[in-house]
Amino acid sequence: MSIINTSKPTTSLSNSSKVVGYETWDSNTSSWNTEIRTWNEMGTIWSNTSKPIQSTGSTMNTGTISPSTMADDATVGTVTWTNPNNAKVEDGNTAETVLNSQTSHYLKATNFGLSIPVGATINGILVEIKKKQVIDGNYIKDSLVKIVKSDGSFGTTNKADTIDYWTGTLLYSSYGSSSDLWGENWTPADINNANFGTVISAIGITTACTVYIDCIRMTVYYTTGATGFITNQAKPI
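Predicted model only: the values in this text are computed from it and were never measured.

### A word on the overall build of the protein
So, step 1. Helix and strand content of the protein: one helix and 17 strands.
So, step 2. With 237 residues in all, the protein has 39% of them scored as buried.
So, step 3. Counted over contacts in the protein with a minimum sequence separation of 6, partners at least 24 positions apart contribute 76%.
So, step 4. Per element, the accessible surface of the protein, about 11900 Å² overall, is 48% carbon and sulfur.

Here it is as structure tokens:
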């Protein structure tokens, strides 16, 4: 397939016509073929199709996605989460545990059913967790919030808020952002893998306190790959 690139006529033959050099873009060989064309100023004006320009991708996001799989993971901590499946969706039903100067297991969310297109560039990952402690006070903090990679291992970056105590009201806390890769390099296949996800572990600071997680959700931000060539058409001058 060829795309014509016509340039300004450079040699006058008469008052009514000019010779113009132009090129055809050969997509098979990715090269230009130089040819000659006559411009007749008295005839129909023809279009100039310039050398194709590679199109840029579009910035997209998945929207907020809930996990299909929730689990208690004993990789860290000593205290088990009960009813982990309750943290799949935001509905007031919660996964919970009781901490008394202890650290919980991971509550792990995976299998988000994502379908980032091949060739896309991953820009950032946002995790949101709706959580609370039983009452306001200096009782519970985040211990660990990490990403789960496609091979099932945990990322090295800890996004936990180790400063602020959880509140006594179910509220979302955000981890990461539209431009935060959590210290990892990602491909679409990594993100689309059922093992990909996130984990949270909580720590009790003083007396026994019940903690609750209603929902874990995720948004992935990405730029699609270039989809082809854009041609620029203009009247010869």
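### Describing the environment of Val-76
So, step 1. Along the polypeptide, Val-76 turns up in the loop between strand 8 (69-73) and strand 9 (95-99).
So, step 2. What makes Val-76 buried here is its relative accessible area of 18%.
So, step 3. Residues Val-76 and Ser-201, spaced 125 residues apart in sequence, show a C-alpha to C-alpha distance of 7.8 Å.
So, step 4. Those residues in contact with Val-76 that lie beyond four places of it in its chain are Ser-104, His-105, Tyr-106, Leu-144 and Ser-201.

### Let's talk about the packing of aromatic side chains
So, step 1. Enumeration over the complete set of coordinates arrives at two aromatic pairs.
So, step 2. A ring pair is formed by Trp-186 and Phe-196, whose centres lie 5.4 Å apart and whose planes are at 80 degrees; its orientation type is edge-to-face. Placement of Trp-186 in the loop between strand 13 (171-176) and helix 1 (188-192) and of Phe-196 in the loop between helix 1 and strand 14 (197-204) is noted, with a sequence separation of ten residues between them. One exposure class covers both Trp-186 and Phe-196, and it is buried.
So, step 3. Here the basic side chain of Lys-159 rests over the ring of Trp-182, its NZ or CZ set 5.8 Å away from the ring centre.

### Quick look at the pairing of strand 11 (residues 121-133)
So, step 1. Counting buried residues along strand 11, ten of its 13 residues qualify, which places the element largely inside the surrounding structure.
So, step 2. The pairing of strand 11 with strand 13 spans six bridges and is antiparallel. Bridging across to strand 13, Lys-130 finds its partner in Tyr-172.

### Things to note about the nonpolar core
So, step 1. Core analysis: the largest hydrophobic core is formed by 35 residues, its most contacted members being Leu-107, Ile-125, Ile-191, Phe-196, Ile-200, Ile-213 and Ile-216.
So, step 2. Elements that contribute at least two residues to this core include exactly strand 9, strand 10 (106-110), strand 11, strand 12 (140-148), strand 14 and strand 15 (209-223).
So, step 3. The residues contacting Ile-216, other than those within four sequence positions of it, are Ser-66, Pro-67, Met-70, Ala-87, Lys-88, Leu-107, Ala-109, Val-127, Glu-128, Ile-129, Thr-198 and Ile-200.
So, step 4. Within the second largest apolar cluster, five residues are counted, among which are Val-76, Leu-144, Val-148 and Val-199.

### Here's the deal with the environment of Asp-91
So, step 1. Relative to the assigned elements, Asp-91 resides in the loop between strand 8 and strand 9.
So, step 2. Taking the C-alpha atoms as reference points, Asp-91 and Asp-214, 123 residues apart in sequence, are found 7.0 Å from one another.
So, step 3. Sequence-distant contacts of Asp-91, defined by excluding residues within four places in its chain, comprise Asn-86 and Asp-214.

### Quick word on the confidence of the model for the protein
So, step 1. Per-residue pLDDT for the protein has a mean of 84; in total, 72% of the residues score no lower than 70.
So, step 2. In this model residues 1-17 is a low-confidence stretch, pLDDT under 50, and it forms 58 contacts with partners more than four residues away in sequence or in other chains.
So, step 3. In this model residues 229-237 is a low-confidence stretch, pLDDT under 50, and it forms 20 contacts with partners more than four residues away in sequence or in other chains.

### Some points on the side chain of Asp-180
So, step 1. Checked against the element boundaries, Asp-180 lands in the loop between strand 13 and helix 1.
So, step 2. Since its relative accessible area comes to 18%, Asp-180 is described here as buried.
So, step 3. When residues no more than four places from it in sequence are discounted, the contact partners of Asp-180 are Asn-123, Gly-124, Ile-125 and Lys-159.

### Some remarks on the sheet that holds strand 8
So, step 1. Spatially, the four strands line up as an open sheet ordered 8-10-14-12, and their pairing is antiparallel. Sheet topology places strand 8 and strand 12 at the edges, where each strand pairs with a single neighbour. Pairwise comparison of adjacent strand axes, ignoring direction, gives a mean angle of 20 degrees for this sheet.
So, step 2. When strand 12 meets strand 14, the two strands line up antiparallel, connected through eight bridges. Among the inter-strand pairings, Leu-144 is bridged to a residue of strand 14, identified as Ser-201.

### Quick notes on unusual backbone geometry
So, step 1. Even without being glycine, Asn-83 reaches a positive phi, approximately 55 degrees.
So, step 2. Residue position: Asn-83 is located in the loop between strand 8 and strand 9.
So, step 3. Take Asn-83: its relative accessible area is 46%, and that puts it in the partly exposed class.
So, step 4. Backbone geometry at Asn-111 places phi at a positive 60 degrees, although glycine is not the residue there.
So, step 5. Checked against the element boundaries, Asn-111 lands in the loop between strand 10 and strand 11.
So, step 6. Looking at Asn-111, the relative accessible area reads 26%, which means it is partly exposed.

Reading the values: the criteria
- Residues numbered from 1 in each chain as written.
- Predicted model: local features only at pLDDT ≥ 70, side-chain atom pairs only at ≥ 80, totals over all residues.
- Heavy atoms only, no water.
- Helix = DSSP H or I, 4+ residues; strand = E, 2+ residues; numbered from the N terminus.
- Buried < 20%, exposed > 50% of the residue type's maximum accessible area, 1.4 Å probe, protein only.
- Contact = heavy atoms within 4.5 Å.
- Areas by Shrake-Rupley, 256 points an atom, 1.4 Å probe, with all protein chains shown as cover.
- Phe/Tyr/Trp six-rings, centres within 6.5 Å; stacked < 30°, edge-to-face > 60°.
- Lys NZ or Arg CZ within 6 Å of the ring centre and 35° of its normal.
- Pairing = 2+ DSSP bridges.
- Core = buried A, V, L, I, M, F, W, Y, C linked by side-chain atoms within 4.5 Å.
- pLDDT = per-residue confidence, 0-100.
- Axes fitted to C-alpha atoms, helices over the stretch in contact; angles between N-to-C directions.

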